[in-house]
Amino acid sequence: MNSRLLHIFLFSAISLSVLLAVWIVDRSEQAHYQERLRSIVLRRTSGVRAQLEGALNRRLFFNRGLVAHVATNPKITQSEFEVLAEILVAQQAGIRSLQLAKNSVVSHIHPLKGNEVAMGRDLLKNPARRPAVERSIETGKLVVGGPTELLQGGLALIGYTPIFLKPAKPSDAATYWGLAMTVIDLEPLLREAGVIQGTHRLRLAIRGKDGVGATGDVFFGDGNLFESDPVLADISFPNGSWQMAAAPTSGRESLAPGSWKLRFGGCFLVLIIAVLGWVLAREPERLQQAVDRATAALTESEKRHRTLAKLSPVGLFRADADGRCLYVSEHWCEVSGLSGEEAKGDGWVRAVHPEDRDCVVSGWQEAVRMRKSFKAEFRLQHPSGKTIWVFGQSVPELDESGKVTGHVGAVTNITERKDAEAEASRHQADLAHVLRLSTMGEMASGIAHELNQPLTAIVNYSRGCIIRLRQSSADADSGLIEALEHISNLAVRAGDIIRRLRSFVRKEEPRRVPVQLNSVVREALHFFEEEARRAEVTLQLELSQEDIWVFADAVQIEQVVLNLVRNGLEALSGDGHKSGLLTVQTRALDHQLAQVAVRDNGKGISEAALPHIFDPFFTTRPGGMGVGLSISRSIVEAHGGHIQVAINSDGGCTFQFALPVKNGADADAA
Ligand code: ADP
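Residues numbered from 1 in each chain as written. Predicted model: local features only at pLDDT ≥ 70, side-chain atom pairs only at ≥ 80, totals over all residues. Heavy atoms only, no water.

## Side note on the overall build of the protein chain
Part 1 of the reasoning: Within the protein chain one finds 15 helices and 21 strands.
Part 2 of the reasoning: The globule rule puts the C-alpha radius of gyration for 670 residues at 26 Å, and the 76 Å found for the protein chain is more than 25% above it.
Part 3 of the reasoning: Considered along the principal axes of its C-alpha atoms, the protein chain spans approximately 240 × 65 × 40 Å.
Part 4 of the reasoning: Buried positions account for 38% of the 670 residues belonging to the protein chain.
Part 5 of the reasoning: Long-range contacts, defined as pairs at least 24 residues apart, comprise 60% of the intrachain contacts of the protein chain with a sequence gap of at least 6.
Part 6 of the reasoning: Surface exposure of the protein chain reaches about 38500 Å², of which carbon and sulfur atoms provide 56%.
Part 7 of the reasoning: Here the protein chain contributes 75 positive and 77 negative side-chain charges, whose respective centroids are spaced 15 Å apart. (Helix = DSSP H or I, 4+ residues; strand = E, 2+ residues; numbered from the N terminus. Rg over C-alpha atoms; globule rule 2.2 N^0.38 Å. Buried < 20%, exposed > 50% of the residue type's maximum accessible area, 1.4 Å probe, protein only. Contact = heavy atoms within 4.5 Å. Areas by Shrake-Rupley, 256 points an atom, 1.4 Å probe, with all protein chains shown as cover. Lys, Arg positive; Asp, Glu negative; His and termini not counted. Charge placed at Lys NZ, Arg CZ, Asp CG, Glu CD.)

## Points about the site of the ligand
Part 1 of the reasoning: Lining the immediate surroundings of the ligand are 19 residues, of which Asn 567, Thr 619, Thr 620, Arg 621 and Leu 629 lie closest.
Part 2 of the reasoning: One of the side-chain N or O atoms of Thr 619 is found 2.6 Å from an oxygen atom in the ligand.
Part 3 of the reasoning: Compared with its free state, where it exposes 530 Å², the ligand has 93% of that area covered by protein.
Part 4 of the reasoning: Of all the elements in the fold, those that place two or more residues in the shell around the ligand are helix H13 (554–573), helix H14 (628–638) and strand S21 (653–660).
Part 5 of the reasoning: No other element matches the three residues that H13 contributes to the shell around the ligand. (Near = heavy atom within 4 Å. Polar contact = N/O pair within 3.5 Å; in protein donor to acceptor, adjacent residues only side chain to side chain.)

## Remarks on the pairing of strand S6 (residues 202–207)
Part 1 of the reasoning: Here S6 lies mainly inside the structure; five of its six residues are buried.
Part 2 of the reasoning: By the bridge criterion, six bridges tie S6 to strand S9 (residues 240–248) in an arrangement that is antiparallel. Each bridged residue has a counterpart across the sheet, and for Leu 204 the counterpart in S9 is Ala 246.
Part 3 of the reasoning: Examined bridge by bridge, S6 and strand S7 (residues 218–220) share two bridges and lie antiparallel to one another. Paired with Ile 206 across the strands is Phe 220, a residue of S7. (Pairing = 2+ DSSP bridges.)

## Details of the nonpolar core
Part 1 of the reasoning: Leu 52, Leu 189 and Trp 242 are the most contacted members of the largest nonpolar core, which has 41 residues in total.
Part 2 of the reasoning: Counting 40 residues, the second-largest nonpolar core is a separate cluster that includes Val 550, Ile 557, Val 645 and Leu 659. (Core = buried A, V, L, I, M, F, W, Y, C linked by side-chain atoms within 4.5 Å.)

## Considering the side chain of Ser 336
Part 1 of the reasoning: With respect to the helices and strands, the residue Ser 336 is situated in helix H6 (residues 330–336).
Part 2 of the reasoning: A relative accessible area of 1% means that Ser 336 is categorised as buried.
Part 3 of the reasoning: When sequence neighbours within four positions are dropped, the list of residues in contact with Ser 336 reads Ala 351, Leu 380, Gln 381, His 382 and Pro 383.

## Quick look at the packing of H13 against H14
Part 1 of the reasoning: Following both chains from N to C, one finds H13 and H14 inclined at 145°, their axes separated by 9 Å at the closest point. When the axes of H13 and H14 are compared, the crossing they make is left-handed. Contact residues: Gln 556, Ile 557, Gln 559, Val 560, Asn 563, Leu 564 and Asn 567 in H13; Gly 628, Leu 629, Ser 632, Ile 635 and Val 636 in H14. (Axes fitted to C-alpha atoms, helices over the stretch in contact; angles between N-to-C directions. Left-handed = near helix turned anticlockwise from the far one by under 90°.)

## Regarding a nonpolar patch on the surface
Part 1 of the reasoning: A surface patch of nonpolar side chains, amounting to about 620 Å² of accessible area, comprises Phe 268, Leu 271, Ile 272, Val 275, Trp 278 and Val 279.
Part 2 of the reasoning: Topologically, Phe 268 is positioned in helix H5 (residues 259–311). (Patch = residues over 30% accessible without salt bridge, like charges linked within 9 Å, V, L, I, M, F, W, Y side chains within 5 Å. Salt bridge = Lys/Arg side-chain N within 4 Å of Asp/Glu carboxyl O.)

## Some words on the packing of aromatic side chains
Part 1 of the reasoning: Tallied over the entire structure, the rule returns eight aromatic pairs.
Part 2 of the reasoning: For the ring pair Phe 237 and Trp 242, a centre distance of 5.2 Å and an interplane angle of 70° mean the geometry is edge-to-face.
Part 3 of the reasoning: Note on Phe 237: relative accessible area 6%, which makes it buried.
Part 4 of the reasoning: For Trp 242, a relative accessible area of 0% translates into the label buried. (Phe/Tyr/Trp six-rings, centres within 6.5 Å; stacked < 30°, edge-to-face > 60°.)

## Structural notes on the packing of helix H11 (residues 517–526) against H13
Part 1 of the reasoning: Two numbers describe how H11 lies on H13: the axes approach to 9 Å, and their chain directions differ by 55°. Accordingly, the angle class assigned to the pair H11 and H13 is oblique. In this structure, H11 meets H13 at a crossing whose hand is right-handed. Contacts between H11 and H13 involve Leu 517, Val 520, Val 521, Glu 523, Ala 524 and Leu 525 from the first element and Ala 554, Ile 557, Glu 558, Val 561, Leu 562 and Val 565 from the second. (Parallel < 35°, antiparallel > 145°, perpendicular 65-115°, else oblique.)

## Side note on H5
Part 1 of the reasoning: For H5, which comprises 53 residues, the first-to-last C-alpha distance of 76 Å matches the rise-based estimate of 78 Å (1.5 Å per residue) to within 8%.
Part 2 of the reasoning: Taken residue by residue, H5 has Ser 259, Gly 266, Val 270, Ile 273, Gly 277, Ala 281 and Ala 309 as its buried positions. (Expected span 1.5 Å × (residues − 1).)

## Quick word on the pairing of strand S11 (residues 325–328)
Part 1 of the reasoning: As judged from the three bridges shared by strand S10 (residues 315–320) and S11, these two strands associate in the antiparallel manner. Bridge pairing in S11 links Phe 317 to Val 328.
Part 2 of the reasoning: Connecting the antiparallel pair S10 and S11 is a turn made up of four residues, with Gly 323 showing a positive phi of about 85°.

## Considering the pattern of salt bridges
Part 1 of the reasoning: Per the counting criterion, the structure on display carries 21 salt bridges.
Part 2 of the reasoning: The closest approach of N and O atoms between Arg 379 and Asp 356, which form a salt bridge, is 2.9 Å. Of this pair, Arg 379 sits in strand S12 (residues 374–381) while Asp 356 is found in helix H8 (residues 354–370), placing the two residues 23 residues apart along the sequence.
Part 3 of the reasoning: Residue class for Asp 356 comes out buried when judged on its relative accessible area of 13%.
Part 4 of the reasoning: The partner of Lys 418 in a salt bridge is Glu 377, with the nearest N and O atoms 3.1 Å apart. Here Lys 418 is found in helix H9 (residues 415–472), whereas its partner Glu 377 is found in strand S12, with 41 residues between them in sequence.
Part 5 of the reasoning: Taking the relative accessible area as the measure of exposure, Glu 377 reaches 37% and is therefore partly exposed.

## Regarding the sheet that holds S10
Part 1 of the reasoning: In space, the five strands of this open sheet follow the order S11-S10-S14-S13-S12, with antiparallel pairing throughout. At either margin of the open sheet sits one strand with a lone partner, and together these are S11 and S12. For this sheet, the mean inter-axis angle between neighbouring strands, taken without regard to orientation, is 25°.
Part 2 of the reasoning: H8 rests against S10, S12, strand S13 (387–398) and strand S14 (404–413) of the sheet, and its axis sits at about 150° to S12.

## Focus: empty space enclosed by the protein
Part 1 of the reasoning: Inspection of the entire model under this criterion finds three cavities of 30 Å³ or more.
Part 2 of the reasoning: Surrounding the largest cavity, 16 residues form its lining, Phe 317, Trp 332, Trp 348, Phe 378 and Val 411 being those nearest its centre.
Part 3 of the reasoning: Within the residue set of the lining of the largest cavity, elements represented by two or more residues are S10, S11, H8, S12 and S13.
Part 4 of the reasoning: Take the lining of the largest cavity: its biggest share by element is three residues, from S12.
Part 5 of the reasoning: Approximately 50 Å³ is the volume found for the second largest cavity.
Part 6 of the reasoning: Forming the walls of the second largest cavity are Gln 99, Ala 118, Arg 129, Leu 150, Gln 152, Ile 158 and Val 183. (1 Å grid on protein atoms, 1.4 Å probe; cavity = no way out; pocket = protein on both sides within 12 Å on 5 of 7 lines; lining within 4 Å. Points joined across faces, edges and corners; volume = space filled by probe spheres on them.)

What follows is the structure in structure tokens.
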């Protein structure tokens, strides 16, 4: 259960407890008060009852006087009656009339005036009055009838007392004469008893018409009062009774004094508790809302930072104060090939190239120890095998007191720059090499010039020796002459080579003449006989049967063949190839072109290197310059031919170059 619900539950329970306590106290107060009220009502009701009984009995008393008089004077006249009645009525207010009813028919009335209408009425024939009259005659006692609506108007109670004449002999039955009646106005009676004017501060109702008690009809007040647990009192009079119900007058008195204060106080207390509960329940919610807002802002900011880190071309990292990695960005993971989890702690060290690891780790530890920034260019070893150059830098993070709380840093991939730098420095070395070669070319040109004269001298001297030998004796040593001729020829050839070399390195225009392709190839291969033997490579010549004449600079074409054969030997010798075979083939492709193919079964060329093989400075050899093939292509193309390479299906590769042939007529002329 969360704290808010707990608060609401707690404060609801307290509020309910308070309400319950207030209710219980109020109930007991009410019960107490009602009890007191009831006893007060009872007391007042007793007073009312006593007054009512007194007032009624006083009025009924007149019947006795009438009965006593008539019993002794049964032949009483109206005037005698009036005298008697006048004396009696004068004693008591609230008497409407006194009457006699001889044989139950009204025969005497006082006062007659105003009551004439009643005279001569047979009471037994009046359904409203008959029951009381009959009861009176049957019981021989006073019976109070009504209240009854009188013919002359108004409500009245009527006391009926039967009059029996004394018999002549005691054994005879008494003779019924008639009735003595006292007609009592109801309102003055009730007023006298304090019932009407409400001086007792009671609500009253009376039932028991004709004096039959609780079973009689209600003739005063609200009959519903009997149903609401009233105080009941019996109003007794001779031979009958009424029942009176009493209740306190409604209004404030129905509630115990101070009850409203108690209730208001209780409600006020509950209100205070509820407000307090609401405030206390709201407080954590408010705090929670503040925390939620702050968390959302933080999440948003974190998200933004992560997006920035993701978009950033540099890999970001964060470490604790001891230099242990806490976080690396996605880009860092991409560069290093490690996952974020793997990089944590000291895991990142594994990404550093083994050769740079010690240096980087000690530099980082030094920076952490000295609380200073760190900068270094080093290599990462990607799990794919790639080496990646990075520039790593970090700065310490400080809190307000200047204490180092951690380190943040970035790693930038600088591989391209490093590669470009390496390429540039390689080109620089190549250029230096080319420069040296060019210098060497100059020197070679000078040396060739210097050698030209001694070689010419060698030729002249050997030829002179041959002539002298032949002239001096007919049987001159033929072996000696042959040796001298050989010397002369070699010196001529050396001179040719040197001259062509001079013109080649001096970048003179090539001197194209018809040359036999097979002899150019043979000349070139002479240089490699010894080298091939040492490298245990079989040099195989597959020259065309017929001579193929091409119009070319023999030295340059020889240079091309030299380059191709040298590359082939290097491809064979490099990895200790045991059964190395290098084949050089010449053939006429058609009437236009002749082809030279140099085929080896060496280590071959990778697919990736193939498109760049003729590019200047492309090389895979550690000491190579990468200009041999580039120059060869320039030479071939300058002769109107083309050169290409193909990878052999059984290993190695084949270089082929084609040159335009010199037609037969030209060849003969040459
Ligand atoms: P260099 O020999 O100085 O490297 P080249 O232009 O002669 O320069 O050759 C360029 C590259 O071509 C060589 O480094 C080598 O990788 C490749 N190459 C040339 N000929 C062969 C061959 N017969 N077999 C394998 N690779 C070859």
